[in-house]
Each structure stands twice: as C-alpha cells, then as structure tokens.
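For reference, the chains in residue letters:
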Amino acid sequence: MAGPTGTRFLLTGVAGFIGMHVARSLIAEGHEVHGVDSVNDYYDPELKRARLAEIANLPRYSFIETDLSDKAKTAELFETVRPARVVHLAAQAGVRYSLENPHAYADSNVLGFLNILEGCRTSAVEHLVYASSSSVYGDRNTVPYSTEDRADHPVSLYAATKRANELMAYSYSHLFRFPTTGLRFFTVYGPWGRPDMAVYLFTKAIFEGKPVKLFNNGDTWRDYTFIDDIVEGVKRVALSDPKFDRSDDGHVPAKVYNIGNSNPEKLLDLVGTLEEVIGKKAVREMHPAQPGDVYRTFADISDLQRDFGFAPSTSLREGLERFVAWYRKYHGIV
Ligand SMILES: NC(=O)c1ccc[n+]([C@@H]2O[C@H](COP(=O)([O-])OP(=O)(O)OC[C@H]3O[C@@H](n4cnc5c(N)ncnc54)[C@H](O)[C@@H]3O)[C@@H](O)[C@H]2O)c1
C-alpha cells in the first residue's frame, strides 16, 4: 500500500478492540506506534490487559497508561511523543450504557476529544483520524446511510457525543487548518471483540446454554463489519493525506466517511449463522426494542471506496468462523 513508512503515530484506545488490531497492523508495516489507554473497567479490564500483552513485545511500540480527559496529562503526552499523525479511537463506547452513566461520555468523548484536538494543534500534527459512529444517523428509514444525509437527530447521548466530535473537529480544521478525518464505524466484530456487543454476547450465551436476548423480537438489522476490513480502511486513511474537497467548505481540511460492510444482516440471521458455526442451537428469548437502539444500519461506502480504494471483503460467515475460533482459544473451549 502506498504511503510514508516509519511514521510516528499516537494511537489512543490501544487496549480496545479496534485499537489493538490497528496498532499491530501499523507496526507490521514498519511504523512507530505510541499507544495510549486508561484501561477503564467499562468491560472486563482483563481482556484489555490481554490485548495489550499481545502487542507488548512488538518493535517500535510503547504503551502509556493515561486518561485523556486529564488536560495536563494529555498535553504532556503530546510533548513527550511528538506524533506526526494521530489515530484517536479511545472513547466511552456503547449505546445502552450512555443511559446509565452519561458523565462517562462527557468526560471521555467530549473533554477527552477536546484535549486531543488541542494536542494536535499545538504539536502541528499532519493528520488526525478519529472514530465516529453509525449511530450519528439516528433512527432513519432511508437507507443506505450517506454522509450527505442530515445527522442531527441522535437517539442516544453516545451518538450525540460522536456527532459533537465531528463538529468539534470541523471547527479546529477551519480555525487552525489542520486536517481531520472522522470515520463512522458500523458494528465492528472479530477476534478480540467487545464483550458488550451482540456477536460476543450471543456466542457466550450459546456456549453456556443460556438465553440469547433478541430485542425487537430479533427484527433489527446491522451492517456487521469484520475487523480486518476496518483495519485496512483505517490504515489507508491514516497513512494518506486527507482528501478534502477544495470546491466547497472554504478549503476546510475536514472530512467524514462511513466505514462499513454495506451489506446489512438481520439479527435472527446472525443467530442462525452463529448456531451453524458453533454447532449448537441457541435458546432464543424475545424482548421488545430498547431505548436508544435503531432499527437498521446500512453504510453507503462509495466515498471511502472512491477516495481510498476501500473494499471490504469478509463475509459474515467467514468473519464469524474467525471470531468463534478465537473465542474458543481465548476461553479454552475445545
Ligand atoms: N466496535 C464498534 O462496533 C464501533 C462502532 C462505532 C464506533 N466505534 C468507536 O470506535 C472506537 C473504538 O471502539 P472499540 O470497539 O475498540 O471500543 P473499546 O471500548 O474496546 O476501546 C476503547 C478504548 O478506549 C479506552 N478509553 C476510554 N476512555 C478513555 C479515556 N478517557 N482515556 C484513555 N482511554 C480511554 C478504553 O479503556 C478502551 O480500551 C471508539 O471510539 C468507539 O466509540 C466502535
């Protein structure tokens, strides 16, 4: 893949699911990665520590444990690392948890994001690539979701903070002319995945013979995107110069893209495929829809395809086979 080699990256959220994979892949291509994470306990910190252990001994890698909502520590971090480029994946994730603990979202996603923007500005970073989310689209009937669509009706605080990130990034790109690219991730899954998300929860329940909880009676649709495809997309963007449209927006170097599979699957079909891959039937338990959830996500990825050649290639079955193989190994299930 074209791009500079040996670039010095600051990568936040490195103990997280996506962060660990992106770090490993950037290092494999000869880049220098300085990973940051607070290793918080939103979900089992043991899994985060195990991810960190996976990459701990790689060359050109360092890990700094810090909380990005701390202004002084984040400023110090930028002074120490002096990154050329920043991939910012650290955030308080999860739609449902934002109803229980809203302040965690203000701290990590709003204050933490501002501290990152300030660090990038003062260190003259070449390009900030940051995680946004498909949730910014709210609950819509028109699919696929395009970045041309309005995104001003978030149905959870999590979504509101992710949309706020895009607006904050735009203002910094406008004011200080530094390039920012937001990636709206669509339901990422794969080895080392998150235990609060459907693929992991359902796999665990099937192995343990416990009920698989299907909200909206299993009638929801998600654009499940395999981690390797996501990593490839993040890398292509992070190693390129930002592609901003010089014809409008007064030359503001700020862009936002969808990054998804562009092939939504019904929740009930996800369970069916998982049953086949695991070789065991699920105990299905139907529930009404939950507050904050959306009915369907479906990414229009034509912009990312056009500007960066992004082309996801992993089918849901193949991705689930790889996830379940990892799950068995990690949990010692023969
Ligand atoms: N996984 C998905 O399907 C998905 C979908 C949409 C958006 N995203 C976004 O992508 C990014 C990565 O997601 P993930 O699935 O890897 O989540 P994750 O929770 O596994 O990783 C996020 C990491 O950020 C760290 N973190 C949180 N607050 C921090 C803070 N204040 N300071 C330092 N570290 C902090 C956490 O400890 C965690 O290790 C997040 O921004 C998330 O909102 C993910």
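Residues numbered from 1 in each chain as written. Predicted model: local features only at pLDDT ≥ 70, side-chain atom pairs only at ≥ 80, totals over all residues. Heavy atoms only, no water.

The protein chain carries the name NAD-dependent epimerase/dehydratase family protein in an unreviewed UniProt entry, which gives Oricola cellulosilytica as its organism.

Neighbouring residues of the ligand: 30 residues in total, closest Asp 37, Tyr 43, Tyr 158, Lys 162 and Val 188. In the model, an oxygen atom of the ligand is placed 2.6 Å from a nitrogen or oxygen of the Asp 37 side chain. The contact in question runs from an oxygen atom of the ligand to an N or O atom on the backbone of Val 188, over 2.7 Å. Put simply, the parts of the chain that give the shell around the ligand at least two residues each are helix H1 (17-28), helix H2 (45-55), strand S5 (127-133) and helix H6 (157-176). Of the residues forming the shell around the ligand, the biggest block, 3 residues, is contributed by S5. Grouping the constituent residues of the shell around the ligand by class yields 15 nonpolar, 9 polar and 6 charged. (Near = heavy atom within 4 Å. Polar contact = N/O pair within 3.5 Å; in protein donor to acceptor, adjacent residues only side chain to side chain. Helix = DSSP H or I, 4+ residues; strand = E, 2+ residues; numbered from the N terminus. Nonpolar A, V, L, I, M, F, W, Y, C, P; charged D, E, K, R; others polar.)

Attention now moves to the packing of aromatic side chains. Considering all chains together, one arrives at 23 aromatic pairs under this definition. An angle of 45 degrees between the planes, with centres 4.9 Å apart, marks the rings of Tyr 42 and Tyr 97 as tilted. On the criterion of sequence distance, the pair formed by Tyr 42 in the loop between strand S2 (32-37) and H2 and Tyr 97 in helix H4 (residues 97-100) is long-range, its members being 55 residues apart. On the accessibility criterion, Tyr 97 (23% relative accessible area) is partly exposed. For the pair Tyr 189 and Phe 226, a centre-to-centre distance of 5.5 Å together with 65 degrees between the ring planes defines the contact as edge-to-face. With a gap of 37 residues between them, Tyr 189 in strand S7 (residues 188-189) and Phe 226 in strand S10 (residues 225-226) connect regions that are remote in the sequence. Comparing Tyr 189 with Phe 226 shows no difference in burial state: the two are buried. Among the aromatic residues, those joined into a ring-pair cluster are Trp 192, Tyr 200, Phe 207, Phe 323, Trp 326, Tyr 327 and Tyr 330. In this structure, Arg 121 packs its charged tip against the face of Phe 176, placed 5.0 Å from the ring centre. Here the guanidinium or amino end of Arg 184 rests over the ring plane of Tyr 137, the centre of that ring lying 4.8 Å away. (Phe/Tyr/Trp six-rings, centres within 6.5 Å; stacked < 30°, edge-to-face > 60°. Buried < 20%, exposed > 50% of the residue type's maximum accessible area, 1.4 Å probe, protein only. Lys NZ or Arg CZ within 6 Å of the ring centre and 35° of its normal.)

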